[in-house]
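Structure at a glance
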Amino acid sequence: MRFIKSYRYLSLVLYLSFLGCENKPQNYPFLKDFMSYLTYFNQNTGLSADFIPLDEQGNQMQRMYFLKALTQRQYIPIREEKNGKVYYKLYRLDKEKSTINDRILTTVAQFAEIEENFMSYEGKPFPTFKVLDLEGNQYDNQNTQGKILVLKTWFIRCHACVEEMPAMNKMVKAFDHRKDIVFLSLALDNEKNSRSF
């Protein structure tokens, strides 16, 4: 009788342990190595995208606190979708157990720091600027005031930048009738190379 009770107890403990492990991030296949997670991160998360941030327990939190948590090199964001909404939930990784986890956490923290920096500019006046396009038209704070300003930065040797140009050109053409939208493509290359490109 004691053996049966102990056996049932052990089975229950093992079953509960198994259930508890199911949702741990270490069991996600994209955490097997650094490149797998980087691929997952690039395809499934965008810290500047529209998402609902959640803490470890699944409670909604402010975006700035979510990003701050990611910069602490303890958490990664895991994408979840419910009822047509996108959520990013914080999952804790133990960096001491693995150099892979440490690399993942460092990379996520770097992206989060960049986005946190961008968010700190929200609501602040746009910096003073003055740029000339290749036709000699000047754009500055005065002649773009009250308009939607869409900025794209790129350089010729950036393959991703060049690959997205057809989509950007489509967008520019789609909004060509809107005089309240200004698209500026800021090339980091010199004028001669930009013209020949």
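Above: the structure in question.
Each chain carries its own residue numbering, running from 1 in the written order of its sequence. Only residues with pLDDT of at least 70 are given local features in this predicted model, and only at 80 or more are side-chain atom pairs given and counted; all residues enter the totals for whole chains, interfaces and linings. Processing note: side-chain calculations cover all non-hydrogen atoms of the structure and skip hydrogens and water entirely.

**Concerning the state of the cysteines**
Whenever a pair of cysteine sulfur atoms sits within 2.5 Å, that pair is classed as a disulfide. Scanning the entire structure with this criterion turns up 1 disulfide. Two residues share a disulfide in this structure: C158 and C161, whose sulfurs sit 2.2 Å from each other. Taking the sign of the torsion about the S-S bond as the criterion, the disulfide between C158 and C161, at about 75°, is right-handed. The burial state of C158 is the same as that of C161; both residues are buried. Only protein chains enter the accessibility calculation, which uses a 1.4 Å probe; a residue is then buried when its area is under 20% of its type maximum, exposed when over 50%, and partly exposed in between.

**Brief notes about unusual backbone geometry**
Phi is positive for R73, close to 60°, though the residue is something other than glycine. Relative to the elements of secondary structure, R73 occurs in the loop between α3 (63-71) and β2 (75-82). For N83, which is not glycine, the phi torsion reads 50° and is therefore positive. Note on conventions: DSSP H or I runs of at least 4 residues are helices, E runs of at least 2 residues are strands, and numbering of each starts at the N terminus. Structurally, the position occupied by N83 is in the loop between β2 and β3 (85-92). Its relative accessible area of 81% is what places N83 among the exposed residues.

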